[in-house]
Amino acid sequence: MSQEQVFKTIIDSIINLDEEKAIELASKAIKENLNLVDVIEKGYAAGIRRVGELWEEGEFFLPELMRGAQIMQNCLDLIIPHLKKGAEEVSKGKVVLATIEGDIHSIGKTIVGTMLRAYGYEVYDLGADVPAEKIVDTAIEKSANIIGVSALLTTTMFGQKKIIDILKERNLLDRFKVILGGAPVTNAWVAECNADGFAENAIDAVKLVRSLLEK
Ligand code: B12
């Protein structure tokens, strides 16, 4: 089977909400030493995004969206420990990561955290639905270099801007780089927030963190 066919089979297993198949394909990918980052991004993540589209189109209802997310999470739980292999011992920098308050979407943020750890960064993942103040306070407490904030809802994106506003208020803008992520985030939004960058996927997030810390 070609790589593209493998990704297509994974996408189908998520769209069909076929947990047994999705798990079987995850185990196979690990056993066959496939590029697990590609397996996640081009397979499972593409599948769950398609489920989101089907939900938007009215083909799927909320329980199906939730089921798809749960299946994806179970597959990630299997794959992620294998991604961590090769992580470097020495920390290259500290990142505080969270999904902003009011927003429970955690899958993409968790993948970003895992990839950053795999590339040697120290990550404090505060989870989802986290108040902006708590994110800033943790960044201060941990002496972080970077604050990464995820938002998947157009209504919660404003919380990303709140982080910058709090930093400005407390005269802390020079102390941290703030990076944003999540499906609705664009370059224009990053500019409006006065943030330091955004990334569309976990690999680009690693590149972004690396480039910001080199500055
Ligand atoms: C799975 C999912 C859910 C799951 C979430 C499970 C979980 N634990 O995360 C469940 C079923 C719980 C859910 C709930 C809801 N959802 Co939902 N959900 C999705 C869906 C289909 C996929 C999201 C996902 O996991 N994608 C896969 C990951 C890998 O991609 P990602 O999140 O984009 O992350 C990548 C990048 O963005 C980036 N990234 C992410 N974070 C960060 C952070 C940093 C710092 C950086 C640098 C990069 C980065 O890297 C990641 C890895 O590649 C999206 C559709 C979509 N296209 O996004 C809708 C979607 C986000 N949901 C939507 C909605 C409306 C809801 C609900 C309000 C539904 C409801 N009526 O209850 C609730 C939200 C409740 C709340 N208060 O938060 C809408 C949002 C619409 C809008 N414009 O605001 C979407 C877009 C669906 C749609 N097409 O309408 N959802």
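As the structure is a prediction and not an experimental result, all values here were calculated from the model.

Calculation notes
- Residues numbered from 1 in each chain as written.
- Predicted model: local features only at pLDDT ≥ 70, side-chain atom pairs only at ≥ 80, totals over all residues.
- Heavy atoms only, no water.
- Domains from an automatic or database assignment.
- Contact = heavy atoms within 4.5 Å.
- Buried area = accessible area lost by both parts, 1.4 Å probe.
- Salt bridge = Lys/Arg side-chain N within 4 Å of Asp/Glu carboxyl O.
- Polar contact = N/O pair within 3.5 Å; in protein donor to acceptor, adjacent residues only side chain to side chain.
- Helix = DSSP H or I, 4+ residues; strand = E, 2+ residues; numbered from the N terminus.
- Nonpolar A, V, L, I, M, F, W, Y, C, P; charged D, E, K, R; others polar.
- Near = heavy atom within 4 Å.
- Donors = N, O, S within 2.8 Å, 3.2 Å for Na, K, Ca; no water.
- Buried < 20%, exposed > 50% of the residue type's maximum accessible area, 1.4 Å probe, protein only.
- Core = buried A, V, L, I, M, F, W, Y, C linked by side-chain atoms within 4.5 Å.

Asker: Before we move on, can you summarise the domain arrangement of the protein chain with the specific residues and values?
Answerer: As far as domains go, the protein chain holds domain 1 (3-83) and domain 2 (94-214). A C-alpha centroid distance of 25 Å is found between domain 1 and domain 2. Of the residues lining the interface, nine residues belong to domain 1; the matching set on domain 2 comes to eight residues. Carbon and sulfur atoms make up 78% of the area that domain 1 and domain 2 hide from each other, which totals about 760 Å². The largest contributions to the domain 1 side of the interface with domain 2 come from Val37, Glu41 and Leu83, which together make up 46% of the buried area. Remark: the boundary between domain 1 and domain 2 carries zero salt bridges. One can count one residue pair in polar contact (both at pLDDT 80 or more) joining domain 1 with domain 2. Counting residues per element, the ones that place at least two in the side of domain 1 that touches domain 2 are α3 (36-56) and α4 (62-83). Across the side of domain 1 that touches domain 2, the residue classes tally to seven nonpolar, one polar and one charged.

Asker: How would you explain the site of the ligand if you had to name every residue and give the values?
Answerer: As a structural note, the neighbourhood of the ligand is formed by 38 residues, with Glu41, Ile104, His105, Ser106 and Ser150 the closest of them. Glu56 is positioned with one of its side-chain polar atoms (N or O) 3.1 Å from a nitrogen atom of the ligand. His105 is positioned such that a nitrogen or oxygen atom in its side chain is 2.8 Å from a nitrogen atom of the ligand. Counting only elements with at least two residues in the shell around the ligand, the list comes to α3, α4, α5 (107-118), β3 (146-150), β4 (177-181) and α9 (202-214). When residues in the shell around the ligand are grouped by element, the largest group, seven residues, is from α3. The class makeup of the residues in the shell around the ligand is 21 nonpolar, eleven polar and six charged. In terms of domain composition, the shell around the ligand takes at least three residues from each of domain 1 (3-83) and domain 2 (94-214).

Asker: Break down the coordination of the cobalt atom of the ligand for me, with residues and values.
Answerer: Just one protein atom donates to the cobalt atom of the ligand; it is His105 (NE2), sitting 2.3 Å from the metal. Its location among the elements puts His105 in the loop between β1 (94-99) and α5.

Asker: Describe the environment of Leu17, and please don't skip the residues or the numbers.
Answerer: For Leu17, the position within the fold is in the loop between α1 (3-15) and α2 (19-31). Among the residues examined, Leu17 registers a relative accessible area of 22% and is labelled partly exposed. Along the chain, Leu17 and Ile71 lie 54 residues apart, while their C-alpha atoms are 7.3 Å from each other. In this view, Leu17 contacts Glu64, Arg67, Gly68 and Ile71; residues no more than four positions away in its chain are not counted.

Asker: Go over the nonpolar core with me, naming the residues and quoting the values.
Answerer: Formed by 44 residues in total, the largest nonpolar core has its most connected members in Val39, Tyr44, Met72, Ile79, Ile111 and Leu116. Residue assignment for this core shows that the elements contributing at least two residues are α1, α2, α3, α4, β1, α5 and α9. For this core, the leading source of residues is α3, giving nine residues. The residue makeup of this core includes at least three contributed by each of domain 1 (3-83) and domain 2 (94-214). Residues contacting Ile111, with those up to four places away along its chain left out, are Ile40, Glu41, Met72, Leu76 and Ala202. Core analysis: the second largest hydrophobic core is formed by 27 residues, Ala151, Phe176, Trp189 and Val190 among them.

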